[in-house]
Amino acid sequence: MKKILISTIAVSALFFTVSCNTDFDNDVSNVVVTNGDADFSKYVALGNSLTAGYRDNALYADGQMESYPSMIAQQMMLTGGGAFTQPLMADNNGGLLFNTGAGTVQIANTKLYINDFIDGAPDLKNANNNVATTLVNTVLTGPFNNMGVPGARVSHLLAPGYGNPAGILAKTANPYFVRFASSPNTSILADFVAQSPTFFSLWIGSNDALLYALAGGDSTIEALTPAAEFATYYNMVINQISTGTTAKGVIANIPNVTSIPSLTTFPYNPLTAKILGQGDIAAGEANIDALNAQLYGPLNQILTAFSAGDRIKPLSKTGANPMLIKDESLPNLGAQITAAASASGNPTLMALAGYLGAVYGQARQTKPGDLTPLTTKAALGTLETLPPGIPASLASRGIAYPFADKYVLTSTEVEEVNTTIAAYNQVIKNAADGKGYAFVDANAKMIELASASGIQWDGVRYTSKFVTGGTFSLDGVHLTGRGYALIANEFMKEINKKYNSNLPMVNVNSYSGVTFP
């Protein structure tokens, strides 16, 4: 079945005259649109979910129509650029179904939407009761100009069989690429080169670091691609593009994890009397007293004796308290905790001595600089399964039981990720300079967006603040239509600068943002 659609955003909407109160230096009106030294007749975009138009934790048709390559292609058409086709999803709910041969299973959730606000925070639900309709096994007839594949790392662009449905359950293939791969054994890059593009964009590499960060720095869940390995694969991609095509192009670097709301919205210290009492402050204060008496106070006394009292301090009934986590970078004081509890003379501590040493030897409270993924919020206070004889009051994750590594990105892990991203970005900049491609400093743009002043467009201020900033969608990682428009303009600014073209900027305010109930 063939399901493609040329982007049909009204051209007139892209030419609204913008005011001078705009943070782009080539906003123009009444100018001649030209392609300069570039040939836009066959534009193909390579990348991951950001290129595909993924948003609200799903890929869906309307989001794809507001992908940044679609916006760029619309402007290229004004200079004689060709049609821009995308492997559109079956609906505007997103989510994926896969027929295993033994039955159909859902392998990706539908998009998020704001159902309501609870205490000022959005209550997020999955659209269509989380029932997907897009069947991965229905392979679309290409080729497609938008080759953004959600979830792809740099190495995946080169991987044969990345679009083979036989590899979906084993996770050696990507269901989004399965939908439009030209054959089961092809690679993304092979299908790209086969199109003989005259111009390309490449924004890839964020997943090499971001997936690890969103997994709290837990390498058993997602690996952080070493910088040297990243360089090898990235340069292979660039070399195959430059030798396999004559296309000119533009490539972009990777934002730091500290600039996205998925990792900067949920505070390190969310525990208040109201939260711990589930809305009842008096009950929360009573819970704090009990926690201090049974756990925090005794552990603080023991740890203080070993010059580690700053790891765990008693909770405040009037302030905001940090969460309890396991920090694997800390020296393990489990044996010392067990010995001290055994010798305490306190029957309760003595009975729990072995358990306390095993569980709290590397425990500490979160502190400024630690980053908590938005997904951790739902896990706060959920119950750990405890050994027989251990009080149930110690089971609440993040409160009495230390959160596992996957729930929090520690400040040490943040530094590790950002140092690695800096190395990635140097590789990307060197590739752009070495091959003569235009270069987009997306990291600098995201830092600007995260600043207090944000980015102005025609009198509207945009920031990276979750929900209200206007640019990030409900997953806190991917952009809204307006966010993608800002990125599209940044790409076109650099294309114009490098190739002497004159692609006009799109009107950011004409695209969609977060939908409120």
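Coordinates for the structure precede this section.
Below is a summary of the structure that appears in this document. Every value quoted in this text rests on a predicted model; they were computed, and no experiment measured them.

Another aspect to go through is the overall build of the chain. When helices and strands are tallied, the chain shows 15 helices and 13 strands. A principal-axis box enclosing the C-alpha atoms of the chain has dimensions of 85 × 55 × 45 Å. Within the span of the chain, comprising 517 residues, buried residues form 55% of the whole. For the chain, the share of sequence-separated contacts (at least 6 apart) that also reach a separation of at least 24 residues comes to 74%. Surface summary for the chain: the accessible area is close to 20600 Å², and the carbon and sulfur share equals 53%. Here the chain carries 29 positive and 36 negative side-chain charges, and the mean point of each set is 2 Å from the other.

What follows is about the layout of surface pockets. Considering only enclosed or pocket space, the second largest pocket measures out at about 280 Å³ in volume. Surrounding the second largest pocket, 17 residues form its lining, Asp 56, Tyr 60, Lys 111, Gly 513 and Thr 515 being those nearest its centre. The element best represented in the lining of the second largest pocket is strand S4 (residues 112–118), accounting for 3 residues. Looking at the lining of the second largest pocket residue by residue, the class counts come to 8 nonpolar, 4 polar and 5 charged.

Sheet architecture is open: 5 strands sit in the order S6-S1-S7-S8-S11, paired in parallel fashion. Taken across any chain shown, the strands that pair with only one partner, and hence form the sheet edges, are strand S6 (146–148) and strand S11 (438–440). Strand-to-strand, the axes of this sheet are offset by a mean angle of 15 degrees, without reference to chain direction. Inspection of the sheet shows strand S1 (residues 43–47) paired to strand S7 (residues 199–203) by 5 bridges, in the parallel sense. Paired with Val 44 across the bridge in S7 is Phe 200. Sitting on the sheet, helix H3 (residues 68–77) is in contact with S1, S6 and S7, with an inclination near 165 degrees to S1. Packed onto the sheet, helix H7 (residues 227–244) meets S1, S7 and strand S8 (248–252) and runs at close to 175 degrees relative to S7.

This structure, assessed with the given rule, holds 17 aromatic pairs. Grouping aromatic residues by their ring pairs yields a cluster made of Phe 40, Tyr 43, Phe 84, Phe 199 and Tyr 499. Between Lys 429 and the ring centre of Phe 439, over which it is positioned, the NZ or CZ distance is 5.4 Å.

With that settled, consider the nonpolar core. Core analysis: the largest hydrophobic core is formed by 101 residues, its most contacted members being Phe 199, Leu 202, Tyr 234, Ile 241, Ile 251 and Phe 491. Of all the elements, helix H15 (residues 481–499) adds the most residues to this core, at 9 residues. Sequence-distant contacts of Ile 241, defined by excluding residues within four places in its chain, comprise Leu 46, Leu 189, Phe 192, Phe 200, Leu 202 and Tyr 437.

Thresholds, definitions, all that
Going along each chain's sequence as written, the residues are numbered from 1 onward. Selection of residues for local features in this predicted model requires a pLDDT of at least 70, selection of side-chain atom pairs for listing and counting requires 80 or more, and totals for whole chains, interfaces and linings are taken over all residues. The side-chain quantities take in all heavy atoms of the structure and omit both hydrogens and water. Runs of H or I in DSSP of at least four residues are treated as helices and runs of E of at least two as strands, each being numbered from the N terminus. Burial status follows relative accessibility: with a 1.4 Å probe on protein chains alone, a residue under 20% of its type maximum counts as buried, one over 50% as exposed, and anything between as partly exposed. Contacts between residues were defined by any pair of non-hydrogen atoms, one from each residue, lying within 4.5 Å. Only the protein chains shown count as cover for residues, and the accessible areas themselves come from Shrake-Rupley with a 1.4 Å probe. For this count, His and the chain ends are skipped, Lys and Arg are scored as positive, and Asp and Glu as negative. Note that the charge is assigned to NZ on lysines, CZ on arginines, CG on aspartates and CD on glutamates. In this analysis the probe radius is 1.4 Å and the grid spacing 1 Å, with only protein atoms considered; a cavity is a set of points the probe fits into but cannot get out of, a pocket is an open set with protein on both sides within 12 Å along at least five of seven lines, and lining residues have an atom within 4 Å of a point. Grid points are joined across faces, edges and corners, and a volume is the space filled by probe spheres set on the points. Residues were grouped as follows: Ala, Val, Leu, Ile, Met, Phe, Trp, Tyr, Cys and Pro as nonpolar; Asp, Glu, Lys and Arg as charged; and all remaining residues, including Gly, as polar. A pair of strands counts as paired when DSSP detects no fewer than two bridges linking them. Fitted lines through C-alpha atoms serve as axes, helices being fitted only where they are in contact, and the angles separating the N-to-C directions of these axes extend from 0 to 180 degrees. Centre distance within 6.5 Å is the pairing criterion for rings of Phe, Tyr and Trp, where only the six-membered ring of Trp is used; planes under 30 degrees apart are then read as stacked, over 60 as edge-to-face, and the remainder as tilted. Remark: a charge is flagged as sitting over a ring if the NZ atom of Lys or the CZ atom of Arg is within 6 Å of the ring centre and within 35 degrees of the ring normal. The definition of a nonpolar core used throughout is a set of buried Ala, Val, Leu, Ile, Met, Phe, Trp, Tyr and Cys residues joined through side-chain atoms within 4.5 Å.

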